[in-house]
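One-letter residues, chain by chain:
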Amino acid sequence: MKQLLWAACALYFGLAQASYFDEAVDESVITPEQVLGFAVGDWHARHDQIERYFEQLAEQSPRATLQVIGYSHERRPLLQLVISSPENLQRLEQIRQQHLAQAKGEAPLADDAPVVIWLGYGVHGNEPSAANAALVLAHYLAAVDTHEVQQWLSQAVILIQPSLNPDGHDRFALWANMHRGAMPVADPQHREHIEPWPNGRPNHYWFDLNRDWLLLQHPESQARIAQFHHWLPNVLGDFHEMGTNSTYFFQPGIPSRNYPLTPERNFELTRILAEFHAAAFDAQGQLYYTEESFDDFYVGKGSTYPDVNGSVGILFEQASSRGHLQESIHGVISFADTIKNQFTASLSTIRGSVAHRQDLLSYQQGFYRSAMQQARSDKIKGYIISEAEDYSRLTMLLDILQQHQIISYPLHRDWQYEQQQFTAGSSYFIPLQQPQYRLIKAAFSTQKSFNDNTFYDVSSWTLPYAFNIEFKAVSREPARAALSSQPWQASDAAVSTPIAAGAYAYAFSWHDQQAPVLLQALLAEGLVVRAAMGDFSAQTSTGIKSFKAGAMMMPSGLQQHSNWFERLSAISQRFPLEISAITTGLTATGSDLGSHNFTPVNLPQVLLIAGPGVNSTEAGEVWYNFERLAGISPTLAEPQRLGRLNLSRYSHIILPDGNYNQWQEAEITSLRQWVQQGGILWGHKRAAAWLSDAKLLQAGVWQSNDMNSLIPQAGLRYQDRELLAGRQRIAGAIFRAELDNSHPLTFGISSNSLPLFKNSNMLLQPSSRPFVNVALYAQQPHLAGYTAEEYIPRIAQGAALIAHNLGQGKVIAMTDNPVFRGYFVGSSRLLVNAIYLGHTLNASGNAEAWEEEAN
C-alpha cells in the first residue's frame, strides 16, 4: 500500500510539471509557471496570482485584452479576459454591437459574424480546478498557432472569467496550500481534504453565488449579469466540481427536469455540443456521464439562466481532489488531473461552438423572434406590480428587473382592472411584449404542479412574492393615456428632503425598507428615539399628518447632545425618507407624544451564532441582511464558545438554522437566565425546534418525521425510492401566512398576509394561549412551488411566527428562514422588527404550565 501511494505521489508531481497539451507553443508568450513560480497544479493559485498572469499575458499578447468588470465584497477585482484574433480585438466594440443587433433581429446574420463563447470558472470557491484551468486555457489560446486555433480566434470571441468568486477561491486556496506537505497526502481523512466551517464554496457573506444569477443580491452577480447582457454569449460554460468518487459530468442533464420555457432547440444544441465533449474525453480514455444527477430547472443557476436568455448554458462537473491529491473509488486523483479535464472540456466547448457557429447564431436570433411571437399569442399581456407605502422595497424589485433588461412602465393615471384599482405613482406595468418574455414569465411564475417532482434546487422563486409586492397578471394592457411613455430608471428613485429646524419633535414612518437603517444611524449618533405603539396623527409644519403604529419619533426636549439637530439633518440626507417636523405634543388622534405608548428604542447589540453546526448559508443570509436592511454588523460567535461569552453585553441573540444539540444543560441555563434578565432570543427552522426541545419556547413542533408520515408509502417498490424522497421534500415552495397586524413584530407591513419561503418540513404548532401567535399559515397557504398535497392541510394548521415573554425577556421563533437567499425582503421585516421592537411585545402566557404540559 505504501508503495502504491509513493507511486501516486510521484505521478502527481510528474503530471503537475508536465504540459497539459502537446501542441507546440510560441515560446515568446509568457507561461503561467513564469509568473506563478510553480507549475499549474503544483500549488493552488491565489486570485492575485491569476490576476498577475492575466495582466502580463494581455500586455504581451495581441490576442488578449483584460477587463475588470467589477469587485467582490472583499474588493478583489472580477476579471474578464477577452481572447480573439488581433483583427477582431481591434474592432471589438463593433463586433459586440453587431452581435447584439443580430441577436435581437435588428440586423441580418453576417456570414463572418463571430460566435461569442463565455467560459465561467470557479463560482464556487472550493472547486479550484476550474479557476486553475483558466490559466492553462489562456496560455494555450495565446501561444498555440495551429490552424484550428487560428480558426477559433478568427470565428469566435472568447470571454474567460477565471474566478467568479475570488473571495471564496482564496479562502480555499489558503486552506489547501497551508496543509500541503513535501509529499501530498491522498488519505481522504487528511486535514487538507476536510475544510473548516464555512468552507470556500460561498462568497464573503457565505452565499452560494451560483444561486444568485436571477436574484442579484451581490456585487459579483451584478457585475456578471451586466457583462452577460453586454455581450449575450451564444454558449456559456459553467465549470464546477462534485464529489471525489464521481467522474466527469456534462450536460444534457436529467431530461424530465428541464425548465419548460427553454426551447427544445436549446437541448438539441446541448446534445450536439456534448458529442464534442465525449469525443475529447474518449480520446483521453476519461470516464464521464450525462443525463443524470443534475437538472436544468431553477433559472437562477449559471447553466440555466442563459437558457432563458437566448444562450446555451452547459454545466460541467469534475470529480474533486479537494486539495492536491486524494484517493477515490477510481484510483488516486490529483489536482492536476482535475485541471486537465476542465481544460479539455473548455477546448471541446470552443471546438463545438465554432463548428456550429451559424447554428448557434441562428438559434439566438430565433429565440428572441419566437419570444415576441409567443408574447403576442399569450393570453396574459403583462403584470401590474403595486406598493404604496414602501417605495424602497418596490424599487429594489424594479432595479433587479432592470438589470435583467426587463422594462417596466410607471402608471401616471389610476387604472382599474377586474374591480381592482391600481394607483398612479405606486403601480408599474411590465409588458410581456418585449425580448425578455421568457425571463419575465419565469420571474413571475406561480407554478405548483410539475411533471417531475424531484428538484436539484428550488421549485419556486417568484420575485414579487419575495419582495411582498402586490402583483397581478392582466389580460389587457393599460390604456396608453394611463402609462408613462418612458420606462422606469434607477435614477427615478426618491431623494432626501431637508427638514425644518425648531420643531417640538420629528417623526418618520416605519413602512419603508430604509426606515430601520435610518433608525440605526440615528441611534448610533446618540439620538433619543421613541416608537409609536399605535396609530396617531399630529400637527406638522405642512399640516396634519397620520402615522401608523411603528413610526419613530424623536422628541426635541429629550435629546442629549447640543448638536443633535445637526446630526439628525446630516443623517437624513443619506436616506430618501420623509422626516416630519411635529409642532406640538398634543396629537389630533391617538396618543399624545408624551404617552407611555411611545416606548424607548435603544441601540441594539446583536450576537449571531455562526460556526460549526450552524447552517453557514443561512447564518450568512442573516448577517448580510442585518447589514443591508438594519444597518447592523452583528457580533459573530461559534456555538462552541457560548459558555465562554459574556452574554450580558448583548441585547439580542440570533440562532439561525442549525444543529444545537451540542448545547447541554449549562448552555441552556445560561441562555434562560440571559433571557429572563431582559434578552431577546430568536431562532428559526431547526433552531426554533431546538428552543422548543430546550423548553425555552412555549410551542410544540411537527418534525420532519411527523410530516413524512403523511405521505402514503404502501405498495412502493425499491425503484420508487427517489420518487418518495421527492414527494416528502418541500423543494423550496412559497406559502402565505396571515399576520396579526396589531403585533409589534408586524409593524411596517401594510398587508395582512405575507409570503414566506419554505424549504424544510419542520412546522411550529400554534399556541393555544392568547397573543403568542404572531403569524399563522393561511387556510389556503400554497402560493407557488411543489409541495405534496398531503402536506397542505397540515401546513394550514401551523404557526409561522411565535413570540412570548420569558421573565423580563422574549423568545421569538419562526418556522421558516425570513431572509432566504437575501432576496426575501418582505419577510425579512419580521426579523428586523424583532431587533428594534421585540422588547415592546408582551405575551406572558404561562411558562410553568407549559413546562408541565411539555413534560
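This report concerns the structure included in the present document. These figures come from a predicted structure and were not determined experimentally.

## Overview of the overall build of the protein chain
Helix and strand counts for the protein chain come out as 25 helices and 33 strands. Over its C-alpha trace the protein chain gives a radius of gyration of 29 Å, about what one expects of a compact globule, namely 29 Å for 855 residues. Principal axes of the C-alpha set define a box for the protein chain whose edges measure 85 × 70 × 65 Å. For the protein chain, the proportion of its 855 residues judged to be buried stands at 61%. Of the contacts made within the protein chain by residues no fewer than 6 positions apart, 80% connect residues no fewer than 24 positions apart. When the accessible surface of the protein chain is split by element, carbon and sulfur atoms take 48% of a total near 31,800 Å². The centroid of the 59 positive side-chain charges in the protein chain is displaced by 4 Å from the centroid of its 80 negative side-chain charges.

## Some thoughts on the packing of helix α7 (residues 147-155) against helix α11 (residues 335-355)
Following both chains from N to C, one finds α7 and α11 inclined at 65°, their axes separated by 10 Å at the closest point. Here α7 is positioned roughly perpendicular relative to α11, judged by the angle of their axes. In this structure, α7 crosses over α11, and the sense of that crossing is left-handed. On the side of α7, the interface is formed by Glu148, Gln151, Trp152 and Gln155, while α11 contributes Leu347, Ile350, Arg351 and Val354. Its residues placed into classes, the contact of α7 with α11 shows 4 nonpolar, 2 polar and 2 charged.

## Some details on the sheet that holds strand β1 (residues 64-71)
One open sheet accounts for 7 strands, arranged β1-β2-β4-β3-β5-β7-β6; its pairing is mixed. Pairing within the sheet leaves two strands with one partner each, and these edge strands are β1 and β6 (248-250). Strand after strand, the sheet turns through a mean of 20° between neighbouring axes, direction not considered. Relative to strand β5 (residues 235-242), strand β3 (residues 115-121) runs parallel, the two sharing 5 bridges. Bridge assignment links Ile117 to a residue of β5, and that residue is Val235. Packing of α7 onto the sheet brings it into contact with β2 (77-83), β3 and β4 (156-161), and relative to β4 it is tilted by some 90°.

## As for the sheet that holds strand β10 (residues 382-386)
In a beta sheet, neighbouring strands pair by backbone hydrogen bonds and run either parallel or antiparallel. With antiparallel pairing, the 4 strands of this open sheet are ordered in space as β11-β14-β10-β15. Each edge of the sheet is formed by a strand with only one pairing partner; in this case those strands are β11 (409-410) and β15 (470-474). Where β10 meets β15, 5 bridges bridge the pair, whose relative direction is antiparallel. Looking at the pairing, Ile384 lines up with Lys472 of β15. Across the sheet, helix α13 (residues 391-403) lies against β10 and β14 (427-431), angled at about 15° from β14, the strand it touches most.

## Thoughts on helix α22 (residues 721-728)
Listed in full, the buried residues belonging to α22 are Leu724, Gly726 and Gln728. The inward-facing, buried residues of α22 abut α21 (704-708) and α23 (791-796).

## Some words on the side chain of Asp378
Looking at the element boundaries, Asp378 is found in the loop between α12 (357-377) and β10. Within the structure, the side chain of Asp378 is placed 2.8 Å from the backbone nitrogen of Ile380, a separation counted as a polar contact. Beyond its immediate stretch of four places on either side in the chain, Asp378 contacts Leu432, Tyr437 and Lys441.

Conventions used here
Residues numbered from 1 in each chain as written. Predicted model: local features only at pLDDT ≥ 70, side-chain atom pairs only at ≥ 80, totals over all residues. Heavy atoms only, no water. Helix = DSSP H or I, 4+ residues; strand = E, 2+ residues; numbered from the N terminus. Rg over C-alpha atoms; globule rule 2.2 N^0.38 Å. Buried < 20%, exposed > 50% of the residue type's maximum accessible area, 1.4 Å probe, protein only. Contact = heavy atoms within 4.5 Å. Areas by Shrake-Rupley, 256 points an atom, 1.4 Å probe, with all protein chains shown as cover. Lys, Arg positive; Asp, Glu negative; His and termini not counted. Charge placed at Lys NZ, Arg CZ, Asp CG, Glu CD. Axes fitted to C-alpha atoms, helices over the stretch in contact; angles between N-to-C directions. Parallel < 35°, antiparallel > 145°, perpendicular 65-115°, else oblique. Left-handed = near helix turned anticlockwise from the far one by under 90°. Nonpolar A, V, L, I, M, F, W, Y, C, P; charged D, E, K, R; others polar. Pairing = 2+ DSSP bridges. Polar contact = N/O pair within 3.5 Å; in protein donor to acceptor, adjacent residues only side chain to side chain.

That's the geometry; what it means functionally is another story.
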